[in-house]
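Observations on the model geometry
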Amino acid sequence: MKVIIIEDELRSAERLRKMLLQMDSEIEIDAILDSLLSAREWFRDNSPPDLAFLDIQLGDGTSFELLQELNVAFPVIFTTAFDQYAIKAFKYQSVDYLLKPIEETELHRALEKHNNANGLTTKPVQNDVTTTHRLITGDFKKRFLIKIGDQYKPVTIDEVGYFYSQDNQTYLMTLPGKYYPIDQSLEQIENSINPLEFFRVSRKMLLGLNAIAEVHTYFNSRLLIKLQPSTDLECIVSRERVSDFKSWMDL
């Protein structure tokens, strides 16, 4: 298995190299790169690796920038010293990560996960990489401009309880209980706001964490959610989405 390491701290890179070679005799370290510049040059002249370990924050940028530039897909395991909130971003997405300083047991776990899935779980799907980057940087929509008659009113994302669609119209419901029609589909909204704070419970509702008053078991292994503010619309999590919903609630 051909592996590359992109890490600007020489000691960290060398320590990771030694652990990998001791852990798996079939691993070949093709390159240790210390910057975006050197990584760009390497990918220009070489085939993609079987696996890459990428430090997120490099001296001349982030590894997210590199992945967004490349036109090839390959399995990635990020290494990071980011805080707990950022780690939630990795848990939410399909990318894998190791918290620095890297422990042997965690490295072994990551390699096993990669090998057992043939790299599929760590494949840098573009949407996952982009969303993970946005989760870490906080680069999400902060407010919505609402048209009320001949006036405009800004509503911040912190004021929103949930979004829902009804009769081919999308609505924003605030936590104080006011609702407004907006000119965006639920799909467009879902792609622009923080997925750690909002969950698509159904085709017609995008639910905010702060709008959940109670969660009850419901027949056919579904969940019934009591909302705040209350609504006549039923908020039911389908059986297929229950596991994802529980994982989202428990992040």
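The paragraphs below set out a description of the structure included in this document. Computed from a predicted model, the values in this text were never measured in an experiment.

Let us look at helix 1 (residues 10–23). Along its 14 residues, helix 1 runs 20 Å from first to last C-alpha, staying within 8% of the 20 Å computed at 1.5 Å per residue. The set of residues buried in helix 1 consists of Ala 13, Leu 16, Met 19 and Leu 20. For helix 1, the angular spread of buried residues about the axis comes to 130 degrees, placing them on one side. Opposite the buried face of helix 1, by more than 90 degrees, sit the exposed residues Leu 10, Arg 11 and Gln 22.

Roughly 270 Å³ of internal volume is contained in the second largest pocket. Taken together, 17 residues make up the lining of the second largest pocket; nearest its centre are Ile 157, Asp 158, Asn 194, Glu 197 and Phe 198. The residue inventory of the lining of the second largest pocket, partitioned by class, reads 8 nonpolar, 4 polar and 5 charged.

The grouping of Asp 8, Glu 9, Asp 34, Asp 60 and Glu 65 at the surface amounts to a negative patch. Topologically, Asp 34 is positioned in the loop between strand 2 (28–33) and helix 2 (36–45). Given a relative accessible area of 48%, Asp 34 falls into the partly exposed group.

A word on the pattern of salt bridges. Evaluation of the coordinates by the stated rule reveals 9 salt bridges. For the salt bridge of Glu 14 with Arg 17, the shortest nitrogen-to-oxygen distance reads 2.5 Å. Highlighted residues: Glu 14 and Arg 17, both in helix 1, separated by 3 residues, approximately one helical turn. In this structure, Arg 40 and Glu 69 form a salt bridge, with 2.8 Å as the shortest nitrogen-oxygen distance. Of this pair, Arg 40 sits in helix 2 while Glu 69 is found in helix 3 (residues 63–69), placing the two residues 29 residues apart along the sequence. Under the relative-accessibility criterion, Glu 69 is labelled partly exposed at 40%. Three or more residues are tied together by salt bridges with common partners; here these are Glu 7, Asp 55 and Lys 100.

For the rest of this paragraph, the subject is the packing of helix 1 against helix 5 (residues 104–116). Across the interface, helix 1 lies against helix 5 with an axial gap of 11 Å and an inter-helix angle of 60 degrees. Looking at the two axes, helix 1 sits oblique to helix 5. In this structure, helix 1 crosses over helix 5, and the sense of that crossing is right-handed. The segment helix 1 lies against helix 5, with Leu 16, Met 19, Leu 20 and Met 23 engaging Glu 104, Leu 107, His 108 and Leu 111. Counted by class, the contact of helix 1 with helix 5 contains 6 nonpolar, 1 polar and 1 charged residues.

One open sheet holds the 3 strands; their spatial order is 15-16-17, and the pairing between them is antiparallel. With one partner strand each, in any of the chains shown, strand 15 (212–218) and strand 17 (236–237) form the two edges of the open sheet. For strand 16 (residues 222–227) and strand 17, the ladder comprises 2 bridges, and the chain directions are antiparallel. Directly across from Leu 223, in strand 17, lies its bridge partner Val 237.

This part covers the sheet that holds strand 7 (residues 96–99). Strand order across the open sheet formed by 5 strands is 2-1-3-6-7, with parallel pairing between neighbours. Across the chains shown, the open sheet's two edge strands, defined by having one partner strand only, are strand 2 and strand 7. For this sheet, the mean angle separating the axes of adjacent strands, direction not counted, is 20 degrees. Direction of pairing for strand 3 (residues 51–55) relative to strand 6 (residues 76–80): parallel, over a ladder of 4 bridges. Bridge pairing links Asp 55 to Thr 79 in strand 6. Set on the sheet, helix 2 makes contact with strand 1 (2–6) and strand 2; between it and strand 2 the angle comes to about 135 degrees.

Criteria and cut-off values
Residues numbered from 1 in each chain as written. Predicted model: local features only at pLDDT ≥ 70, side-chain atom pairs only at ≥ 80, totals over all residues. Heavy atoms only, no water. Helix = DSSP H or I, 4+ residues; strand = E, 2+ residues; numbered from the N terminus. Expected span 1.5 Å × (residues − 1). Buried < 20%, exposed > 50% of the residue type's maximum accessible area, 1.4 Å probe, protein only. Arc of directions from axis to C-beta. 1 Å grid on protein atoms, 1.4 Å probe; cavity = no way out; pocket = protein on both sides within 12 Å on 5 of 7 lines; lining within 4 Å. Points joined across faces, edges and corners; volume = space filled by probe spheres on them. Nonpolar A, V, L, I, M, F, W, Y, C, P; charged D, E, K, R; others polar. Patch = residues over 30% accessible without salt bridge, like charges linked within 9 Å, V, L, I, M, F, W, Y side chains within 5 Å. Areas by Shrake-Rupley, 256 points an atom, 1.4 Å probe, with all protein chains shown as cover. Salt bridge = Lys/Arg side-chain N within 4 Å of Asp/Glu carboxyl O. Lys, Arg positive; Asp, Glu negative; His and termini not counted. Charge placed at Lys NZ, Arg CZ, Asp CG, Glu CD. Axes fitted to C-alpha atoms, helices over the stretch in contact; angles between N-to-C directions. Parallel < 35°, antiparallel > 145°, perpendicular 65-115°, else oblique. Left-handed = near helix turned anticlockwise from the far one by under 90°. Contact = heavy atoms within 4.5 Å. Pairing = 2+ DSSP bridges.

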